[in-house]
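# Fold and geometry: a report
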Amino acid sequence: MNTTNNGLATNNMVSNMMRWQLSATAVAAILALLLSGMHAFFSVIAGGVSVIVGAYIASRILARNEGDVEPSSVLINLLKAEAVKIVVIAVLLFAVFKMYAALVPFALIAGLAAAAIFSGAALAKTDKSI
Amino acid sequence: MENLQLLAMIQAYTGVGIGLIIGLGALGACVGIGIMCASFLEGAARQPEMIPALQGKVFLLLGLIDASFIIGVGLAMMFAFANPLLSVVAQ
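Residue positions within a chain follow its written sequence, with the count starting from 1. Throughout, the order in which chains and ligands are written sets their labels, letters from A for the former and numbers from 1 for the latter. Since the coordinates come from a predicted model, pLDDT governs what is reported: local features require at least 70, and pairs of side-chain atoms require 80 or more to be given and counted, while whole-chain, interface and lining totals use all residues. Side-chain metrics in this entry use all non-hydrogen atoms of the structure; hydrogen atoms and water are not considered.

### Re the overall build of chain B
Numbering of helices and strands runs from the N terminus, with a helix taken as a DSSP run of H or I at least four residues long and a strand as a DSSP run of E at least two residues long. Scanning chain B for helices and strands turns up 3 helices and 0 strands. When its helices and strands are written in sequence order, chain B yields α-α-α. Since a compact globule built from 91 residues should have a radius of gyration of about 12 Å, the 20 Å found for chain B marks it as more spread out than a globular shape. Dimensions of chain B, computed from C-alpha atoms along their principal axes, come out at roughly 70 × 15 × 10 Å. Across chain B, contacts joining residues at least 24 apart in sequence account for 80% of those joining residues at least 6 apart. When the accessible surface of chain B is summed, it comes to about 5,000 Å², and 72% of that surface belongs to carbon and sulfur atoms. Each radius of gyration reported is based on C-alpha atoms, and the globular scaling rule is 2.2 Å times the count of residues to the power 0.38. Between two residues, a contact is recorded if the distance between any of their heavy atoms is within 4.5 Å. Areas reported as accessible are Shrake-Rupley estimates using a 1.4 Å probe. Residue values count occlusion only from the protein chains shown.

Below, the structure is given as structure tokens:
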């Protein structure tokens, strides 16, 4: 196998994904601020940032093994990154629920859902940034 | 006493609901990830030169498949730490 994996396509896709997630979280946060006030705004931000931080750490784990060309090792790296992402998100959500006394739970779920669902939107824009 | 029983029932059923949310969400995500990983391995075996291009797409789709599970975990945490159903007892 003489293919090389330079990771440029992956990096472009990951940065696109994070832009989409940030945009979705920002829109949801502004809507929450207008509809429910400051605590809802911070709750949406907390939910969105939990997903974005998890995705960023997962992308760093993925970038660490960019040279791999064996399908099995690429797959194991992907699954490892995904497992770390889920653990990071769960820990961050647990910390937010425990520490933020004035949390608006539905706003947090809205931010979380917006960031998580829009992570797939980057798939439609693989070649150009938003 | 009646309120206490109501509270216990709400907490018990909420516990069952949290288990179902996380369990069924994990089941669905695992089935989806399994199917996608099998397809990735099949595609990589047929065309090894496509692995770098497929890697990013697989990563994005993993996130999309896991999105429902992550939202489920968030909902489960909401029911565990800030259960809105308990407000019925408080009234």
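So much for the structure itself; the text now carries on.
### Quick look at the interface of chain B and chain A
Contacts between the two partners involve 31 residues from chain B, matched on the other side by 41 residues from chain A. Summed over both partners, the accessible area (1.4 Å probe) lost when two parts come together is defined as the buried area. Each partner contributes to the roughly 3,200 Å² buried at the junction of chain B and chain A, and carbon and sulfur atoms together form 84% of this total. Among the residues chain B hides against chain A, the three largest losses belong to Q55, F59 and L60 of chain B. Together they make up 23% of the total. Salt-bridge detection follows one rule: a side-chain nitrogen of Lys or Arg within 4 Å of a carboxyl oxygen of Asp or Glu. Run the count over chain B and chain A and you get 0 salt bridges. Any pair of N or O atoms that falls within 3.5 Å is considered a polar contact. Within protein, one atom must be able to donate a hydrogen and the other to accept it, and sequence-neighbouring residues count only if both atoms are side-chain atoms. Joining chain B to chain A, the criterion identifies 0 residue pairs in polar contact (both at pLDDT 80 or more).

### Focus: the pattern of salt bridges
All names here are of chain A. Scanning the model with the defined rule gives 1 salt bridge over all chains in all. Residues E82 and K85 are paired through a salt bridge, measuring 3.7 Å at the closest nitrogen-oxygen approach. Of this pair, E82 and K85 both sit in helix α3 (residues 71-99), 3 residues apart, roughly one helical turn. Relative accessibility under 20% of the residue-type maximum defines a buried residue, over 50% an exposed one, and the middle range a partly exposed one, all with a 1.4 Å probe and only protein chains included. Judged by its relative accessible area of 3%, E82 falls in the buried class.

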